[in-house]
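# Coordinate analysis (summary)
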Amino acid sequence: MTEETEPTTETRAAKAPDTEAPDTRVPDTRARTAEASPGDVAEPRLLTADDFLAANREWMREFPFGGLHVRPGRRLVILTCMDSRYTAQGVLGVEMGGAHVVRNAGGRVTDDAIRSLVLSAHALGTRECVVIHHTNCGLLDKTNEGIRDQVTEATGQDASHIDFLPFSDVAQSVREDLALLRACTLLPRGYQAIGFVYDVLTGRLEPVE
Ligand SMILES: [Zn+2]
């Protein structure tokens, strides 16, 4: 799995440390679009399968993760929002292979999050969940009614069966979700639940009791 050709001095110097993922960012398409529509709010073009495949070739070029075990090395699950401005592992300093990551809108303890946490604990050995909600969340100060109206306006369809789990106090939403985890009888005895609010402006974690 460690087979590689002799690297030149240049590629060796440029190689990222093993704990960091290679830089496989897809091309930034915003500038091009901004040129095409001056004065408008620039919407980047949608990435294509070819963009992703090109990025994936870079990802594979010095792929160091093939030997990792399916069981997370830190016996940890991180439950957090789908927000694009942070990675769960990055915020907590957890290496690749160290933790399961469950992400959904808000990082809420939903039935489907419980499904993942229970499987993670009993099939793959995790014993701790860190819940991270964050400032400037897309669910903050929203209402179910408002979100459902947006869906109906755009599609003509009824979304009243979906609870989007909006909140107005981010620390309180963490507390509520920690309480749900601590009350969950499907998780192992001694299971640990820890909560934080992440500040997307500063990168700071604030503990929530
Ligand atoms: Zn969010």
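Residues numbered from 1 in each chain as written. Predicted model: local features only at pLDDT ≥ 70, side-chain atom pairs only at ≥ 80, totals over all residues.

### Things to note about the overall build of the protein
In plain terms, the rule: Strands here are runs of E lasting at least two residues and helices are runs of H or I lasting at least four, both read from the DSSP assignment and numbered beginning at the N terminus. Neighbour counting defines burial: a residue surrounded by 20 or more other C-beta atoms within 10 Å of its own C-beta is buried, one with 12 or fewer is exposed, and intermediate counts give partly exposed, using backbone-placed C-beta atoms. Think of it this way: build a C-beta for each residue from its backbone, and any pair within 7 Å is a contact.
For the protein, the count of helices and strands is 7 helices and 5 strands. The burial tally for the protein puts 21% of its 209 residues in the buried class. Taking contacts inside the protein between residues at least 6 apart in sequence as the whole, the part at least 24 apart equals 67%.

### Some words on unusual backbone geometry
In this structure, Arg 75 is a non-glycine residue whose phi angle is positive, near 50°. The topology assignment puts Arg 75 in the loop between α3 (49-61) and β1 (76-81). For Arg 75, a count of 17 C-beta atoms within 10 Å puts it in the partly exposed group. Phi angles above zero are rare outside glycine, and Asn 136 is one such case at about 60°. Take Asn 136: there are 12 C-beta atoms within 10 Å of it, and that puts it in the exposed class.

### What about the nonpolar core?
Nonpolar side chains in soluble globular proteins tend to end up buried together. To keep it simple, the criterion reads: The term nonpolar core refers to a set of buried Ala, Val, Leu, Ile, Met, Phe, Trp, Tyr and Cys residues connected through C-beta atoms within 7 Å.
Counting residues in hydrophobic clusters, the biggest one holds 29 residues, and the most contacted among them are Val 77, Ile 78, Leu 79, Cys 129 and Val 130. Looking at this core, the elements that each hand over two or more residues are β1, α4 (88-92), β2 (99-104), α5 (111-124), β3 (128-134), α7 (170-182) and β4 (192-198). At 5 residues, β1 tops the list of elements feeding residues into this core.

### Overview of the confidence of the model for the protein
What counts is decided by this rule: The score called pLDDT rates the predictor's confidence residue by residue, from a low of 0 to a high of 100.
Averaged over all residues, the pLDDT of the protein is 88; the fraction at 70 or higher stands at 82%. Ignoring residues within four places in sequence, the model shows residues 1-20, a span with pLDDT below 50, making 7 contacts including any to other chains. Within the model, pLDDT remains below 50 along residues 31-37, and this stretch shows 6 contacts once partners closer than five positions in the same chain are excluded.

### Overview of α7
Worth spelling out the cut-off: Here, expected helix span is obtained from the residue count minus one, scaled by 1.5 Å. The directions from the helix axis to the C-beta atoms form the arc being described.
An ideal rise of 1.5 Å per residue puts 18 Å on 13 residues; α7 measures up with 19 Å between its terminal C-alpha atoms. For α7, every residue scored as buried is listed here: Val 170, Ser 173, Val 174, Asp 177 and Leu 181. Projected down its long axis, α7 carries its buried residues within an arc of 100°, all on one side. Across from the buried face of α7, at angles greater than 90 degrees, the exposed residues are Gln 172 and Arg 182.

### Overview of the environment of Leu 205
Note that Leu 205 resides in strand β5 (residues 205-208). Separated by 73 residues in the primary sequence, Leu 205 and Ile 132 have C-alpha atoms spaced 8.6 Å apart.

### So, helix α6 (residues 144-155)
Compared with an ideal rise of 1.5 Å per residue, which puts 12 residues at 16 Å, α6 spans 16 Å between its outermost C-alpha atoms and is within 8% of the ideal. Burial analysis of α6 places just 0 of its 12 residues in the buried class, which makes it a mostly uncovered element. Directly beyond the C-terminal end of α6, a positive phi value near 80° is found at Gly 156.

### Some words on the sheet that holds β3
Keep this limit in mind: For two strands to pair, DSSP has to find at least two bridges joining them. A fitted line through C-alpha atoms represents every axis, and for helices the fit uses only the stretch in contact; the resulting angles, taken between N-to-C directions, go from 0 to 180 degrees.
Spatially, 5 strands are ordered β2-β1-β3-β4-β5 in an open sheet, and the strand pairing comes out mixed. Looking at the sheet topology across the chains shown, the edges are occupied by β2 and β5. Pairs of neighbouring strands in the sheet enclose a mean axial angle of 25°, with direction left out of account. Strand direction decides the pairing type here: β1 and β2, joined by 6 bridges, are parallel. When the bridges of β2 are listed, Val 77 appears paired with His 100.

### Quick look at the pairing of β3
Summarising burial for β3: 6 of the 7 residues are buried, a large majority. Where β1 lies against β3, 5 bridges are found, and the strand directions are parallel. Bridge assignment links Ile 78 to a residue of β3, and that residue is Val 130.

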